[in-house]
Amino acid sequence: MADTGACVRGLSQRPDPDPALIERAKEGDHAALQTLLEEVSPAVRQWAFARTGDVDEAADLTQEVLIQVARKLPAFRGDSRLLSWVFSVTRNRAIEARRSELRKERKMERFSVHLAGGHEGGTAPDGGIDGRRIRRIVTTFLDDLPERQREVFQLSELQGLGSTEIGRILGVEPGTVRAALFKARRTLRRRIMEHHPEVAQEYLG
């Protein structure tokens, strides 16, 4: 993973965009805004990679940051260098993304523990299969679910949303959401029983 401290030190080596360009972008000049975003995007990509250590995650984070920069630019007062402000936006968005990912991991852990009969983390009693392996198996089979079932499962089990809210997001009735969630859970259990009988025998009965 890249050195975040080096990225911060690199701020002094990168010239800020032209103040006149910044002002035009703040005033709503679309062309100026596009030019400004193009000028800061290499720095954002570098900082994003320093925070994530992964090329794909850094690319996603970069796009999110540039969108936030465009939205928040009118509020930039110029009390600091623009690049310093952009760095703060990048850092804060990376922290938010990591927290969101941790919340999803904890929710998946709880679901996996439920599948594993209540054994959490490490090695299960009597040397059984641990919850982490169950979690990996579930995550693998998620990609095989039909799109609607996968969306419902992720919104319910990972985001913690109720059927009514999920229905509003997806434009379907709550009953449809509940049916899709039931099918997703049933499919996951069946896949585990088919492809990992040792897990099924020990935990799914």
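For clarity, every value in this text was computed on a predicted model and none was experimentally measured. (Residues numbered from 1 in each chain as written. Predicted model: local features only at pLDDT ≥ 70, side-chain atom pairs only at ≥ 80, totals over all residues. Heavy atoms only, no water.)

Asker: A description of the overall build of the protein should follow, citing residues and the corresponding values.
Answerer: If you tally the helices and strands in the protein, you get 10 helices and 0 strands. Mapped in sequence order, the helices and strands of the protein form the string α-α-α-α-α-α-α-α-α-α. In the protein, buried positions account for 38% of the 205 residues. Considering only residue pairs separated by 6 or more positions, the protein has 63% of its internal contacts joining residues 24 or more positions apart. (Helix = DSSP H or I, 4+ residues; strand = E, 2+ residues; numbered from the N terminus. Buried < 20%, exposed > 50% of the residue type's maximum accessible area, 1.4 Å probe, protein only. Contact = heavy atoms within 4.5 Å.)

Asker: Break down the packing of helix 3 (residues 30-52) against helix 4 (residues 55-72) for me, with residues and values.
Answerer: At a closest axis distance of 8 Å, the pairing of helix 3 and helix 4 adopts a crossing angle of 140°. The angle between the axes of helix 3 and helix 4 places the two elements in the oblique class. For helix 3 against helix 4, the interelement crossing comes out right-handed. Residues Leu33, Leu37, Val40, Ser41, Val44, Arg45, Ala48, Phe49 and Thr52 of helix 3 lie in contact with helix 4, whose contacting residues are Val55, Glu57, Ala58, Leu61, Thr62, Val65, Leu66, Val69 and Ala70. The residue makeup of the contact of helix 3 with helix 4, split by class, is 13 nonpolar, 3 polar and 2 charged. (Axes fitted to C-alpha atoms, helices over the stretch in contact; angles between N-to-C directions. Parallel < 35°, antiparallel > 145°, perpendicular 65-115°, else oblique. Left-handed = near helix turned anticlockwise from the far one by under 90°. Nonpolar A, V, L, I, M, F, W, Y, C, P; charged D, E, K, R; others polar.)

Asker: Lay out the nonpolar core in plain terms, naming residues and giving numbers.
Answerer: Residues Leu36, Val69, Leu73, Leu82, Trp85 and Val86 are the most contacted members of the largest nonpolar core, which totals 26 residues. Among the secondary structure elements, those contributing two or more residues to this core are helix 2 (19-26), helix 3, helix 4 and helix 5 (82-115). Residue contacts for Trp85: discarding those within four places in its chain leaves Val69, Lys72, Leu73, Phe76 and Ser80. Core analysis: the second largest hydrophobic core is formed by 16 residues, Phe141, Leu145, Phe153 and Leu155 among them. (Core = buried A, V, L, I, M, F, W, Y, C linked by side-chain atoms within 4.5 Å.)

Asker: Explain the pattern of salt bridges to me, and be specific about the residues and the numbers.
Answerer: Side chains that differ in charge, positive against negative, can pair when their charged atoms come close. The full count for this structure, using the stated rule, is 6 salt bridges. Salt bridges sharing common partners tie together Glu64, Arg93 and Glu96. (Salt bridge = Lys/Arg side-chain N within 4 Å of Asp/Glu carboxyl O.)

Asker: Can you tell me about the packing of aromatic side chains, naming the residues and giving the values?
Answerer: Applying the stated criterion to the full structure yields 2 aromatic pairs. When the centroid spacing of 5.2 Å and the interplanar angle of 90° are considered together, the rings of Trp47 and Phe87 count as edge-to-face. Placement of the pair is Trp47 in helix 3 and Phe87 in helix 5, with a sequence separation of 40 residues. Accessibility expressed as a relative area gives 1% for Trp47, which makes it buried. Note on Phe87: relative accessible area 12%, which makes it buried. (Phe/Tyr/Trp six-rings, centres within 6.5 Å; stacked < 30°, edge-to-face > 60°.)

Asker: Which residues make up helix 2, and what values go with them?
Answerer: Within helix 2, burial applies to Leu21, Ile22 and Ala25. Buried residues along helix 2 cover an arc of 100° about the axis, so they all sit on one side. Where helix 2 starts, the residue carrying a side-chain oxygen 3.0 Å from the main-chain nitrogen of Ala20 turns out to be Asp18. Gly28 lies just past helix 2 and shows a positive phi near 105°. (Arc of directions from axis to C-beta. Polar contact = N/O pair within 3.5 Å; in protein donor to acceptor, adjacent residues only side chain to side chain.)

Asker: Could you give me a rundown of the side chain of Thr187, with the residues and numbers involved?
Answerer: With respect to the helices and strands, Thr187 occurs in helix 9 (residues 174-195). Look past the residues within four positions of Thr187 in its chain and what remains in contact with it is Leu145 and Gln149.

Asker: Tell me about the environment of Ala97, and name the residues and values.
Answerer: By the secondary structure assignment, Ala97 is in helix 5. Given a relative accessible area of 29%, Ala97 falls into the partly exposed group. Along the backbone, Ala97 and Glu57 are 40 residues apart, and their C-alpha atoms lie at a distance of 10.0 Å.

Asker: Tell me about the confidence of the model for the protein, and please be specific about residues and values.
Answerer: For the protein, the mean per-residue pLDDT works out to 76, and 69% of the residues sit at or above 70. Looking over the protein, one finds the lowest element-wise mean pLDDT in helix 1 (residues 4-9), namely 48, and the highest in helix 2, namely 94. Under a pLDDT of 50 for its full length, residues 4-12 has, in the predicted model, 14 contacts with residues more than four places off or in other chains. Here residues 201-205 scores under 50 on pLDDT; set against residues more than four positions off or in separate chains, the count is 16 contacts. (pLDDT = per-residue confidence, 0-100.)

Asker: Give a description of the packing of helix 2 against helix 3 that names residues and reports values.
Answerer: At a minimum axis distance of 8 Å, the contact between helix 2 and helix 3 shows a crossing angle of 125°. Relative to helix 3, helix 2 is oriented oblique. Judged by the sense of rotation from one axis to the other, the crossing of helix 2 with helix 3 is left-handed. From helix 2, Leu21, Ile22, Arg24 and Ala25 reach across to helix 3, where they touch Ala32, Leu33, Thr35, Leu36 and Glu39. Here the residues of the contact of helix 2 with helix 3 sort into 6 nonpolar, 1 polar and 2 charged.

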